[in-house]
Amino acid sequence: MIEVPVQGGGQVQHVATTQLPTAHGVFAVHGFRDGRGEEHVALVLGTPEALLADDAAAPLVRVHSECLTGDALGSWRCDCGDQLLAAQRAIAAEGRGVVVYLRGQEGRGIGLMAKLSAYALQDAGADTVDANTSLGLPVDARDYAAAAAVLRHLGLRRVRLMTSNPDKAAALRAGGVEVEQVVGVPVPVRTDSARYRQTKVQRMGHLPPVGPRWSGERAWEALLAASSHSGADDLADDLPDAHADTDAAASVLLERYSPLATGRALVIAQVAQSLDGFTAARTGDAHYVSGAQDREHLHRLRALVDAVVVGVSTVVADDPQLTVRACPGPHPVRVVLDPRARAPLGARVFTDGAAPVLWCTSSERAEAAAQGVAGRSHVQVVGIDVPSVVPAGALERSRVVTTVLRALHDRGFGRVLVEGGATTVSAFLAAGALDRLWITTAPVLVGDGVPGLRFDGADLMADALRAPSRRFVLGEDVAVELDLAAARASSASGTS
Ligand SMILES: NC(=O)c1ccc[n+]([C@@H]2O[C@H](COP(=O)([O-])OP(=O)(O)OC[C@H]3O[C@@H](n4cnc5c(N)ncnc54)[C@H](OP(=O)(O)O)[C@@H]3O)[C@@H](O)[C@H]2O)c1
């Protein structure tokens, strides 16, 4: 046992060292007991050489006071849990650093039961300072001498301290540890802890909170930038992990859209349907199947692709614009799949000039179609070979899918969203052309209407098409994303 006396009377005994695998990496964990019998731990990342190198920046250190409610129970009344996670992430990002976790400091040193009593007073309107004092307790009874002793035991004489509490920096300096820099701890802004954080700044001299580096807005910009460089291999490196230094909005966007933004050539599809599986009412009315959050999701998908494809019946029924309006982002090229050239010439996509349009029609009808849109510079007619079988069967439709995708690839449009209707999405699905399929289900029953996906199915459930999935709640709707490319890869390798 090694005893490390420090100025101010703090002393610790080293008890044990072992490994702690965590979500943020494998830390060495050192256990200590102080002179009052309290037990503390230090989570250490990096070798002693890396931590103590004189020619490198001082290592990041967090001195964290135990908070059962915030750290273990996930409470948002305080920012302790968020701070602990942020510190571990920051240390993991640098590859070295230390979290000194001080026990016996619950509720800024007043103990768990007193903290709960103070919370009850806060529920009745008191702030965190007045709640403590009206219970006859100190506002902050913590003591960081043990933390300085732990750091000295580890050999750390200079640190960059992650804190907003100037008392911690002062205590470490008094304990013989040089604080070269005070680094803010980036934590999400939460309504539940907003007043508590404000009181710490206004009445306890804490530094103002540091926001996370990645806001939703910034994360979205990064996703757009990554998608506009489709084809590069190292794009994932430019995007942060969804759970690292991000606010809640950034985290959602990164988790949901990183696979799309960083994927290579990619064909995805999106359909919104009722609980009983219809994409529109029997009159063809689809305004609106799903809610506002699903509309925003659809616009984000549009913004991340080069081209958006719709079948002609959707143009006839909905007269859609197919532009990006519910979020920032570029409009995709709009593709109308219309072998028989029956889209109305007055359709908005043909008249609004908002973004280029490719009108894909059979080669025989292409010339007449081109005459119909003459002078509309944003519209280009693309003649495609369409099998003459009427009505087109699954095989013919698959051939059309291949032809259209080739035409898009030839024009440099590798990232494609097939947006509907279900007939068109089904044709792409049956052709094995979809990498990812998003289906949003809304809590509504239509009874009878335009059906959802239809394709040659399986006789047995065991043979039904299954794929790895992700699920997202969009207001009242639920969006499920199927990773069809992964399902194909695993069935090709015989692992499914
Ligand atoms: N809820 C949603 O997410 C959503 C989205 C979009 C649309 N909608 C609704 O769905 C309805 C329209 O959808 P829908 O499924 O009936 O039709 P659709 O998919 O919009 O259009 C189907 C038509 O496009 C042509 N087509 C598409 N793919 C083809 C292929 N691979 N090969 C040959 N031709 C192809 C065919 O035209 P021809 O018939 O001329 O051969 C086909 O009949 C509308 O009521 C609309 O409001 C709902």
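Residues numbered from 1 in each chain as written. Predicted model: local features only at pLDDT ≥ 70, side-chain atom pairs only at ≥ 80, totals over all residues. Heavy atoms only, no water.

(A) The arrangement of the UniProt feature "binding site: GTP" (unreviewed entry) in the protein in detail. Feature annotation in UniProt places "binding site: GTP" (unreviewed entry) on Arg62, Val63, His64, Ser65, Glu66, Gln83, Glu106, Gly107, Arg108, Thr128, Thr163 and Lys168, given in this structure's numbering. A maximum C-alpha distance of 22.8 Å among these annotated residues, which run over 107 residues, shows that they spread across the structure rather than meeting at one spot. Tracing the backbone through its elements, the reader meets histidine 64 in strand β5 (residues 60-65). When its relative accessible area of 1% is taken as the criterion, histidine 64 is described as buried. Discounting chain neighbours no more than four positions away, the residues touching histidine 64 are Asp71, Cys80, Gln83, Leu84, Val99, Val100, Tyr101, Leu102 and Lys168. Take threonine 163: it is sitting in the loop between β7 (158-162) and α8 (166-174). (UniProt positions renumbered as here; feature names shortened; annotations may be inferred. Helix = DSSP H or I, 4+ residues; strand = E, 2+ residues; numbered from the N terminus. Buried < 20%, exposed > 50% of the residue type's maximum accessible area, 1.4 Å probe, protein only. Contact = heavy atoms within 4.5 Å.)

(B) Quick look at the side chain of threonine 440. Mapped onto the fold, threonine 440 is located in strand β16 (residues 436-442). The buried category is assigned to threonine 440, whose relative accessible area is 0%. With residues up to four places along the chain from it excluded, the contact list for threonine 440 reads Gln270, Val271, Ala272, Gln273, Ser290, Asp294, Leu474, Asp477, Val478 and Ala479.

(C) Summary view of the site of the ligand. The local shell around the ligand holds 28 residues, among which Thr314, Asp318, Arg342, Thr423 and Thr424 are the closest. Taking threonine 314, its side chain carries an N or O atom lying 2.6 Å from an oxygen atom of the ligand. Glycine 421 is positioned with one of its backbone polar atoms (N or O) 3.0 Å from an oxygen atom of the ligand. In the complex, the protein chains occlude 89% of the 920 Å² of accessible area that the ligand would expose alone. Elements supplying a minimum of two residues to the shell around the ligand: β9 (266-274), β10 (278-281), α13 (312-318), α16 (394-410), β15 (415-420) and α17 (422-430). (Near = heavy atom within 4 Å. Polar contact = N/O pair within 3.5 Å; in protein donor to acceptor, adjacent residues only side chain to side chain. Areas by Shrake-Rupley, 256 points an atom, 1.4 Å probe, with all protein chains shown as cover.)

(D) Here's a closer look at the packing of aromatic side chains. Tallying each qualifying case throughout the model produces 3 aromatic pairs. Ring centres of phenylalanine 350 and tryptophan 359 lie 4.6 Å apart, and the angle between their planes is 45 degrees; this geometry places the pair in the tilted category. Judged by its relative accessible area of 0%, phenylalanine 350 is buried. Over the ring of tryptophan 76 we find arginine 190; its NZ or CZ atom is 3.9 Å from the centre of that ring. The ring of tryptophan 214 carries the charged tip of arginine 218 above its face, separated from the ring centre by 4.1 Å. (Phe/Tyr/Trp six-rings, centres within 6.5 Å; stacked < 30°, edge-to-face > 60°. Lys NZ or Arg CZ within 6 Å of the ring centre and 35° of its normal.)

(E) Main features of a positive patch on the surface. A contiguous patch of positive charge on the surface is contributed by Arg340, Arg342, Arg365 and Arg397. Relative to the helices and strands, arginine 342 is located in the loop between β12 (333-337) and α14 (348-351). (Patch = residues over 30% accessible without salt bridge, like charges linked within 9 Å, V, L, I, M, F, W, Y side chains within 5 Å. Salt bridge = Lys/Arg side-chain N within 4 Å of Asp/Glu carboxyl O. Lys, Arg positive; Asp, Glu negative; His and termini not counted. Charge placed at Lys NZ, Arg CZ, Asp CG, Glu CD.)

(F) Highlighting the UniProt feature "binding site: Zn(2+)" (unreviewed entry) in the protein. According to UniProt, the positions carrying the feature "binding site: Zn(2+)" (unreviewed entry) are Cys67, Cys78 and Cys80. Considering the arrangement of structural elements, one finds cysteine 78 in the loop between α2 (68-72) and α3 (80-94). Not counting chain neighbours up to four residues away, the residues in contact with cysteine 78 comprise Cys67, Gly70, Tyr119, Ser193 and Tyr196.

(G) Focus on the side chain of glutamine 88. Structurally, the position occupied by glutamine 88 is in helix α3. Each residue touching glutamine 88, except ones within four places of it in the same chain, is listed here: Thr22, His24, Phe27, Leu43 and Val99.

(H) A look at the pattern of salt bridges. Applying the stated rule across the entire model yields 22 salt bridges. Between aspartate 127 and arginine 203 there is a salt bridge, with its nearest N and O atoms 2.8 Å apart. Remark: arginine 203 occurs in helix α9 (residues 191-204) and aspartate 127 occurs in the loop between α5 (112-123) and α6 (128-134); sequence separation between them is 76 residues. Since its relative accessible area comes to 43%, arginine 203 is described here as partly exposed. Among the salt bridges present, the one from aspartate 435 reaches arginine 488, with a minimum N-O distance of 2.9 Å. Taken together, the residues span a long stretch of sequence, with aspartate 435 in the loop between α17 and β16 and arginine 488 in helix α18 (residues 484-492) at a distance of 53 residues. With a relative accessible area of 15%, aspartate 435 lands in the buried category. The exposure class assigned to arginine 488 is partly exposed, which follows from its relative accessible area of 34%.

(I) Quick look at the environment of valine 450. On the secondary structure map, valine 450 appears in strand β17 (residues 449-451). Take valine 450: its relative accessible area is 32%, and that puts it in the partly exposed class. Taking the C-alpha atoms as reference points, valine 450 and alanine 92, separated by 358 residues in sequence, lie 51 Å from one another. With sequence-adjacent residues up to four places away left out, valine 450 is seen in contact with Gly277, Phe278, Thr279, Ala280, Ala281 and Gly284.

(J) Spotlight on the environment of leucine 260. If you trace the backbone, leucine 260 turns up in helix α11 (residues 248-262). Given a relative accessible area of 1%, leucine 260 falls into the buried group. In this structure the C-alpha to C-alpha distance between leucine 260 and leucine 301, which are 41 residues apart in sequence, comes to 8.4 Å.

(K) Inspection of the sheet that holds strand β11 (residues 307-311) at higher detail. Within the open sheet, the 9 strands sit side by side as β14-β13-β12-β11-β15-β9-β16-β19-β18. Their pairing is mixed. Looking along the sheet, the strands with just one partner apiece sit at the ends: β14 (379-384) and β18 (469-474). Geometrically, the sheet is characterised by an average inter-axis angle of 20 degrees between neighbouring strands, direction not taken into account. The strands touched by α11 within the sheet are β9, β15, β16, β18 and β19 (477-483), with β18 carrying the most contacts at an inclination of about 130 degrees. Its contacts with the sheet put α17 on β9, β11, β12, β15 and β16, and the angle it makes with β15 is roughly 135 degrees. (Pairing = 2+ DSSP bridges. Axes fitted to C-alpha atoms, helices over the stretch in contact; angles between N-to-C directions.)

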